[in-house]
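# Architecture at a glance
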Amino acid sequence: MVNNPKKMLSFEVFPPNTEVGTSKLFKTLDELKELSPDFISVTCSNNNRTDIGHTTIRVADYVNNTLNIPAVAHLSAAYLDKNQVKEILEQLKTKGIHQILALRGDITTLPTKNDFHFASDLVRFIRAYDETFEILGACYPDIHPESQNRVTDFHYLKEKVDSGCDKLITQLFFDNNTFYDFQERCAIAGIEVPILAGIMPIVNRNQAIRLLKTCNTPLPKKFVRILEKYEHNPLALKDAGIAFAIDQIIDLTTEDVDGIHLYTMNNAETAKSIHHATSSLFYQELS
Ligand code: FAD
């Protein structure tokens, strides 16, 4: 029997705002390296705008060049102009970082720049600037909160992929059937790039409340019951949240998902628990 690597496993981390937080994150990343992910992606803040070099790129550099794990730098461009994006692309090239998650970013009350109205504008721009970049895009099984309906959401997702995306990563979701519907609709629409399923383990009540406010992602009844039952028992809530994520991953890998993207929330312990319970599922046995 031979174990043949098949499904991708990636982690997502976010850069903290302080030096102490960054040192702590580097230790977390050292622990995540032991789990041999295919890549680690590093988020960018929409508020930091041009400060990405001191935040996202610094962490991605550590992942790529100290840990030797491929890093994916997130880049949200609604508040950047073409020259600023060029500068960032050059910084990434200097550090040997060749994978970018191209995003529009959330629109706030501040006026946006006029160069990148949507992520597909950024994808096209990066593709034309240097075709050696691998470009990833975001997608939304529960549809993007601004989209009027699934039809327009899919129309623009297809446009984004056709602009040059090599892979997609989904927004987190809790109902795997939503993902399977989404996968099927992608196939019908002719979207053929790999789709990594975004899984976020909910390990405390505040995280769940925050998510419900910011994402368009409904919590299934089973999870609402868990939150109600273990509201005042943080340890039980954490155990149940991790078990829920493991259950999702077992089902997704059984159904031949292209890969799992784990939103780690910078928590190595949770990622390790999930990895411990599921790592063999990422390999296909060949007899
Ligand atoms: P787009 O693909 O541009 O879509 C945004 C909306 O515009 C959608 O409703 C879409 O249907 C619509 N649309 C697209 N093209 C057109 C068009 N031509 N005409 C009209 N409508 C159109 N945010 C951050 O700030 N930092 C991060 O690091 C970050 N990482 C993320 C990682 C993942 C995996 C995901 C799923 C999201 C992430 N986000 C991040 C959140 C993301 O920035 C927001 O969801 C944002 O609102 C949309 O970004 P997008 O790139 O998906 O936008």
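Our subject is the structure listed above.
Residues numbered from 1 in each chain as written. Predicted model: local features only at pLDDT ≥ 70, side-chain atom pairs only at ≥ 80, totals over all residues. Heavy atoms only, no water.

### Side note on the overall build of the chain
- Counting secondary structure elements, the chain contains 10 helices and 10 strands.
- Whereas a compact globule of 287 residues would reach a radius of gyration of roughly 19 Å, the chain reaches 19 Å, a difference of no more than 12%.
- Going through the 287 residues of the chain one by one, you find that 51% of them count as buried.
- Entry remark: accessible area of the chain is about 14,300 Å², with carbon and sulfur atoms responsible for 50%.
- Across the chain, the 29 positively charged side chains and the 37 negatively charged ones have centroids separated by 4 Å. (Helix = DSSP H or I, 4+ residues; strand = E, 2+ residues; numbered from the N terminus. Rg over C-alpha atoms; globule rule 2.2 N^0.38 Å. Buried < 20%, exposed > 50% of the residue type's maximum accessible area, 1.4 Å probe, protein only. Areas by Shrake-Rupley, 256 points an atom, 1.4 Å probe, with all protein chains shown as cover. Lys, Arg positive; Asp, Glu negative; His and termini not counted. Charge placed at Lys NZ, Arg CZ, Asp CG, Glu CD.)

### Thoughts on the site of the ligand
- Not every one of the 23 residues close to the ligand is listed here, only the nearest: C44, D106, A119, Y140 and K160.
- For the ligand, an oxygen atom lies 2.7 Å from a polar atom in the side chain of Y140.
- In this structure, an oxygen atom belonging to the ligand sits 2.8 Å away from a side-chain N or O atom of K160.
- In the complex, 85% of the free accessible area of the ligand, which totals 990 Å², lies under the protein chains. (Near = heavy atom within 4 Å. Polar contact = N/O pair within 3.5 Å; in protein donor to acceptor, adjacent residues only side chain to side chain.)

### Here we look at the sheet that holds strand β6 (residues 134-139)
- Read around the closed barrel, 8 strands run β2-β3-β4-β5-β6-β7-β8-β9, paired in parallel fashion. Shown here is a sheet whose adjacent strand axes are inclined to one another by a mean of 25°, direction ignored.
- Where strand β2 (residues 8-13) and strand β9 (residues 259-263) come together, 5 bridges link them in parallel fashion. Across the sheet, residue M8 finds its bridge partner in β9, namely G259. (Pairing = 2+ DSSP bridges. Axes fitted to C-alpha atoms, helices over the stretch in contact; angles between N-to-C directions.)

### Topic: the packing of helix α9 (residues 234-254) against helix α10 (residues 268-278)
- Where α9 contacts α10, the axes come no closer than 10 Å and their chain directions differ by 45°. Relative to α10, the element α9 lies oblique. Read as a crossing pair, α9 and α10 show a hand that is right-handed. Here K238, I242, A245, I246, I249 and I250 of α9 lie close against α10, whose contacting residues are E269, T270, S273, I274, A277 and T278.
- Taken together, the residues that form the contact of α9 with α10 break down as 7 nonpolar, 3 polar and 2 charged. (Parallel < 35°, antiparallel > 145°, perpendicular 65-115°, else oblique. Left-handed = near helix turned anticlockwise from the far one by under 90°. Contact = heavy atoms within 4.5 Å. Nonpolar A, V, L, I, M, F, W, Y, C, P; charged D, E, K, R; others polar.)

### Regarding the packing of aromatic side chains
- Applying the stated criterion across every chain yields a total of 8 aromatic pairs.
- Their ring planes at 10° and their centres at 5.2 Å tell us that F173 and F179 sit as a pair that is stacked. F179 matches F173 in its accessibility class, with the two residues each being buried.
- Ring geometry for F179 versus Y180: centroids 6.1 Å apart, planes at 70°, classification edge-to-face.
- Counting every residue linked through ring pairs, the aromatic cluster contains F116, F125 and Y129. (Phe/Tyr/Trp six-rings, centres within 6.5 Å; stacked < 30°, edge-to-face > 60°.)

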